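Here is how the chains run, residue by residue.
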Amino acid sequence: MQEKNLGRAKTVRPIIVEVGGEPQGIVVPENGGFRFVAVRLPAFAIDGQHFETIEEARRAASVALRADKGNGH
């Protein structure tokens, strides 16, 4: 017997994280917080990390970008 009223899964929409107007990654809701997925090389330092807020993820991406620039990249 097939269930007629299957609930649709909630759509998880990624949220873009920008630093200085440039996208560094996205965050996706996960376990009451957000998981960071890098899209730019400097942000790979924090790829996969979990943050409680989007702002924490943005700050971490900013720190990663500054560290990358400090290494001459």
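Everything below is about the structure shown above.
Every value quoted in this text rests on a predicted model; they were computed, and no experiment measured them. Along each chain, numbering runs from 1 in the same order as the chain's sequence is written. Per-residue local features are limited, in this predicted model, to residues with pLDDT of at least 70; the limit for side-chain atom pairs, both in listing and counting, is 80 or more; totals at the level of whole chains, interfaces and linings are taken over all residues. With hydrogens and water set aside, each side-chain value is computed from the structure's full complement of heavy atoms.

(A) Molecular detail of the pairing of strand β1 (residues 15-19). Note that β1 and strand β2 (residues 22-30) share five bridges and pair antiparallel. Within β2, the position partnered with Val-17 by the bridge is Gly-25. Pairing between two strands requires that DSSP report at least two bridges joining them. Helix and strand assignments follow DSSP, with helices taken as H or I runs no shorter than four residues and strands as E runs no shorter than two, numbered in order from the N terminus.

(B) Representation of the environment of Val-17 in the model. Inspection of the secondary structure puts Val-17 in strand β1. Relative accessible area decides the class of each residue, using a 1.4 Å probe on protein chains only: under 20% of the type maximum gives buried, over 50% gives exposed, and in between gives partly exposed. Given the relative accessible area of 1%, Val-17 is considered buried. Through-space distance from the C-alpha of Val-17 to that of Ala-38 is 9.1 Å; in sequence the pair is 21 residues apart.

(C) The arrangement of the sheet that holds β1 in detail. The strand order across the open sheet formed by four strands is β1-β2-β3-β4, and the pairing between neighbours is antiparallel. In this open sheet, the two strands that pair with only one neighbour each are β1 and β4 (50-51). Direction of pairing for strand β3 (residues 33-38) relative to β4: antiparallel, over a ladder of two bridges. Note on β4: the bridge partner recorded for Phe-34 is Phe-51.

(D) Just unusual backbone geometry, in detail. Although it is not a glycine, Asn-31 adopts a positive phi angle of roughly 50°. Asn-31 gets classed as exposed once you look at its relative accessible area, which sits at 72%.

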